[in-house]
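Residue-level structure breakdown
Residue strings, one per chain:
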Amino acid sequence: MKSLKVNNLTKIYSSYKGAKEVTALGGINLMVNNGEFVGVMGPSGSGKTTLLNILSGVDKSTSGEVFINNNEISKMKKDDLALFRRKNIGYIFQDFNLLDSLTLEENISLPLILDKKNPKEIESKVSELMNFFNIGELKKKYPYHISGGQKQRVAAARALINNPAIIFADEPTGNLDSKSSNNIMTTISKMNDEIKSTVLMVTHDPFAASFCKRIIFIKDGNIKMEITSDGDRKKFYDKVLEVQGFIGGEN
Ligand SMILES: Nc1ncnc2c1ncn2[C@@H]1O[C@H](COP(=O)(O)OP(=O)(O)O)[C@@H](O)[C@H]1O
Ligand SMILES: [Mg+2]
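Once that is clear, we can look at the packing of helix 3 (residues 104-114) against helix 5 (residues 148-160). Relative to each other, helix 3 and helix 5 sit at 25 degrees, their axes nearing to 7 Å. Considering the angle they form, helix 3 stands roughly parallel to helix 5. Classified by chirality, the crossing of helix 5 by helix 3 is right-handed. Of the residues in helix 5, those in contact with L104, N107 and I108 of helix 3 are V154, A157 and R158. Tallied by class, residues from the contact of helix 3 with helix 5 come to 4 nonpolar, 1 polar and 1 charged.

Written as structure tokens, this is what we have:
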């Protein structure tokens, strides 16, 4: 089963204040199967953020189709799309986006509360996920009580709370030191390996990318190359560096 299917997706930013029109995506075709962990890489300005924003329903394409679990989100009206996103999509943001005024338990359960799910059901789902990420004792704590590594795990638990069809991660290791980067990538890998979550992650970081099972390289709004891991992370890391060498990296 396909978690994500993208047909001939284009995005043109129209001209503004004398600036020229920009073709940010030139016709992207992409399939992501259930349980895959796919990375998207490419030089700065290649269209990564534009692609992620359209796939996650934050922005509209100029043309083309996006299906998530066979639902065509590119055709949905705004309200339907907002509801669909809450029920079917998970996000991991670079800065975690936890709400400081809510406990960790409340942060994680927010999408289910909004959906008016049964409180018992919410509690058991939250417990299950917090235990899975070894943060079970922190339910009543607030974001300012916990470490960066714990925040990442709260963010991961929140991304999973609605059993999403797909999880989008945008530069999850963006500003992190190497230890924190390793922690968050281990957490995302664990979601993919043990919960069989489908993950699509944009990154410019070869270390983060080495955790993926497949990587798509885009340049000038088009997919230029795709590589697949055989499970050997060190080897895949070297392969990423090699491809970045001729496609161009972010740094
Ligand atoms: N809101 C916008 N208006 C006009 N041009 C944009 C806008 N957002 C991005 N672009 C342009 O689209 C191209 C792709 O940008 P982006 O998706 O941000 O690339 P990346 O995330 O790979 O750095 C770039 O040329 C960028 O300048
Ligand atoms: Mg970007």
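Bringing the pattern of salt bridges into the picture now. A complete count under the given rule lists 10 salt bridges for this structure. Close ionic contact of R86 with D115 constitutes a salt bridge, the shortest N to O distance being 2.8 Å. Here D115 lies in the loop between helix 3 and helix 4 (119-132) and R86 lies in helix 2 (residues 78-88), a separation of 29 residues in the sequence. Its relative accessible area of 28% is what places R86 among the partly exposed residues. By relative accessible area, which is 19% here, D115 ends up buried. Between K213 and D193 there is a salt bridge whose closest N-O contact spans 3.3 Å. Linking K213 in the loop between helix 7 (206-209) and strand 9 (214-219) with D193 in helix 6 (residues 178-194), this pair joins segments that are 20 residues apart in sequence. Since its relative accessible area comes to 41%, D193 is described here as partly exposed. Counted as one network, the salt bridges with shared partners bring together E36, R214 and E226.

What counts and what doesn't
- Residues numbered from 1 in each chain as written.
- Chains lettered and ligands numbered in written order.
- Predicted model: local features only at pLDDT ≥ 70, side-chain atom pairs only at ≥ 80, totals over all residues.
- Heavy atoms only, no water.
- Axes fitted to C-alpha atoms, helices over the stretch in contact; angles between N-to-C directions.
- Helix = DSSP H or I, 4+ residues; strand = E, 2+ residues; numbered from the N terminus.
- Parallel < 35°, antiparallel > 145°, perpendicular 65-115°, else oblique.
- Left-handed = near helix turned anticlockwise from the far one by under 90°.
- Contact = heavy atoms within 4.5 Å.
- Nonpolar A, V, L, I, M, F, W, Y, C, P; charged D, E, K, R; others polar.
- Salt bridge = Lys/Arg side-chain N within 4 Å of Asp/Glu carboxyl O.
- Buried < 20%, exposed > 50% of the residue type's maximum accessible area, 1.4 Å probe, protein only.

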